[in-house]
Each structure stands twice: as C-alpha cells, then as structure tokens.
Amino acid sequence: MTQEVHALPPADRRSVFANAPMGVALTTTGGVVVDANPALGTLLRRPEAELHGRSVLDLVHPEAQVGAREAYAALLTEPDRPMRLETWLVRADGTEVPVQVTASWVGEGPEGQPAHMVMIVEDITDRKALEAQLVHRSLHDPLTGLPNRVLFQDRLWHALNRGKRERTPTCVLIVDLDNFKSINDELGHPIGDRVLVAFADRLRAVLRASDTAARLGGDEFSIVCENTEPKDAERLADRLRGSVTEPLQIGGTPVRLGISIGVGAVPGGAEPEEAYDRVVREADDAMYADKARDRG
C-alpha cells in the first residue's frame, strides 16, 4: 500500500528554513544573497538582514576566493551536480571560520535557466581542529613533542631544495645520548623517559628560529640547519654540549648526561637527490667518531 506524500505548506517550509541547525542562504544566480536563516547569521555574527543583498564572495576570506570562484564556475558548467567546497568565511568581527558549503540550483527561470542557488553552510571548526591534532600526532614524537623522523625528512628535503634554488648551504647535526641504556637499566624506564623530555627541552633552548630539531628514535636526535655554514653548525653543537654539562634533576635524582654530536654539510647549489643520503651519513659517521673519542 502506497502512502500519499503531501508537500509541506509554505508556512511549514519557512519554519524548516528558519530552524535549520546549519546556515542556509538563497542567492541569485550571480551569488547575491536574497534570504538567509538565523543559523547563518549566528555563524557569521551578523544580523540576517545585513546579509541580504551581499555577494557571497564578500563573505569569503580573500585568500580563499580563487577556490570559491572555481567551484562556482564548476557549478555553472555542471548545474545538475551539487557543489561541495571547504573554505573560510570572515565574520563581522574579522575572525575566520572554516566551513563546508554545499550548493545547488533550485527553481527555474526564463528559458529553463536556474532561478536561484541554495547554499548550506556548515561550521567545521571542530573537525578541522581534530584533523590538525591527527596531523600533528603523525609528525611529532609523542614523548618529547619534537618532530619525528617523517617530519625531519620533510624539513631536510625542504632545506636542500632551498639550498639548490638560492645556493645556500645546509647542515645536519646527529646527536646521541651517551650511556642512556645505563640510565634506563639503573634508574628505570620512567626516569629514562623524563631524561629524554628534559634533554629535548634543553635542545629547544639552543636552537635558532630556522632550525628544526627532531627525535629520530630511542636516544637519537637530529637538527636540520637551513642556510647555515659548517662553522655556524659547529658553534650550535658547542652550545648544545654546554647546555648538558649541568646534571639533570629528575625527581630529586641528579642524572649526568653526555652527548656525542656529528655535523654534516652540503654546499649551496647541490642536487637534493644526491646530497640527502650523503649529508645524513656524514653527520652519522662524525657522531660515531665523536663518541669513539669520548670513550678513548
């Protein structure tokens, strides 16, 4: 048995529009707002009446307008296919809000052309924050908060490509904590973890703004130095050695650290594909040579 479906009366349709939890706007084919619901006004922190007569593009962040225009052009090219776009809108107070916009044509004008465009605007701030957290976790060491090996590799490629383009040198430091296994064995892994965190803090304290420090794994760390001559990288290594001469105080227990450091360097203009493995290997070999000298 088929149940007859009746269209909502105009008053009920208006109520649905007014009470929708997401922002809704009705625009002309040129993108000028002719109606907006309260949720959109709340999202943009503007009275609904203030939105009437405004171009939708006026509400889009300037840096996102190119993408918005391209999406609108695609909707004109394929009018039967809804447009979906993630973009940034600007509120009345100048703050930005990330949104997902879904738009489609409704009604019919002269010669069968669409009469209006309906846009559903959803605030995706929470989703973007979660995505940012997930990206951060995938690129950072969960214990120390430093970049991990993946991000280290990315920053090194970036530095080498800049070095080729601008003919600037790149240096890499490989840092290894001496006798860290003994600390773990004698004091326990919780103390060992706190030592790594404390060392990461000291490492951050000696870096320049352009340097990237990373934890490669275990007790091995690295620093990528863009536009840096070898002599300046050596000075950075000396500052780092000086920062760990004072014993760490971990839960009232003094822990003395030693470190071994190796420096690798790439001259400006080098090909990144050839230089990447070489500079890491050079820094690694220099670090092991430094460790051997300390043992001697």
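J.: I'd love a proper account of the overall build of the chain, names of residues and values included.
T.: A count of helices and strands for the chain gives ten helices and eleven strands. The C-alpha atoms of the chain give 29 Å as radius of gyration, which overshoots the globular expectation for 296 residues (19 Å, by more than 25%). In the chain, buried positions account for 40% of the 296 residues. Just so you have it, the chain exposes about 16,600 Å², and 52% of that area is on carbon and sulfur atoms. With 34 positive and 46 negative side-chain charges, the chain shows a separation of 5 Å between the mean positions of the two kinds.

J.: Hey, could you go over the sheet that holds strand 7 (residues 211-217) for me, with residue numbers and the actual values?
T.: What the four strands build is an open sheet, ordered 7-8-6-11; its pairing is antiparallel. The outermost strands of the open sheet, each flanked by one partner alone, are strand 7 and strand 11 (258-266). For this sheet the average axis-to-axis angle between neighbouring strands, irrespective of direction, equals 20°. Here strand 6 (residues 170-178) runs beside strand 11; their pairing, made up of nine bridges, is antiparallel. Across the sheet, the residue bridging to I174 is G262, located in strand 11.

J.: Can you tell me about the environment of R281, naming the residues and giving the values?
T.: With respect to the helices and strands, R281 occurs in helix 10 (residues 272-295). Look at R281 and you get partly exposed, because its relative accessible area is 48%. For the pair formed by R281 and G264, sequence separation is 17 residues and the distance between their alpha carbons is 7.7 Å.

J.: Explain the pairing of strand 6 to me, and be specific about the residues and the numbers.
T.: The buried fraction of strand 6 is high, at nine of nine residues. Residues of strand 6 alternate between two faces, with T170, V172, I174, D176 and D178 on one and C171, L173, V175 and L177 on the opposite face, all of them buried.

J.: How would you summarise the nonpolar core if you had to cite specific residues and measurements?
T.: Formed by 32 residues in total, the largest nonpolar core has its most connected members in L173, V195, F199 and L240. Only strand 6, helix 7 (180-187), helix 8 (189-206), strand 8 (220-225), helix 9 (230-243), strand 9 (248-250) and strand 11 provide two or more residues apiece to this core. Here the element with the most residues in this core is helix 8; it accounts for eight residues. Once you skip the residues sitting within four places of it in the chain, L173 turns out to touch F221, S222, I223, C225, A233, L236, A237, I261, G262 and V263. Grouped together as the second largest cluster of nonpolar side chains are 25 residues, A64, A103, W105 and M119 included.

The rules behind each value
Residues numbered from 1 in each chain as written. Predicted model: local features only at pLDDT ≥ 70, side-chain atom pairs only at ≥ 80, totals over all residues. Heavy atoms only, no water. Helix = DSSP H or I, 4+ residues; strand = E, 2+ residues; numbered from the N terminus. Rg over C-alpha atoms; globule rule 2.2 N^0.38 Å. Buried < 20%, exposed > 50% of the residue type's maximum accessible area, 1.4 Å probe, protein only. Areas by Shrake-Rupley, 256 points an atom, 1.4 Å probe, with all protein chains shown as cover. Lys, Arg positive; Asp, Glu negative; His and termini not counted. Charge placed at Lys NZ, Arg CZ, Asp CG, Glu CD. Pairing = 2+ DSSP bridges. Axes fitted to C-alpha atoms, helices over the stretch in contact; angles between N-to-C directions. Core = buried A, V, L, I, M, F, W, Y, C linked by side-chain atoms within 4.5 Å. Contact = heavy atoms within 4.5 Å.

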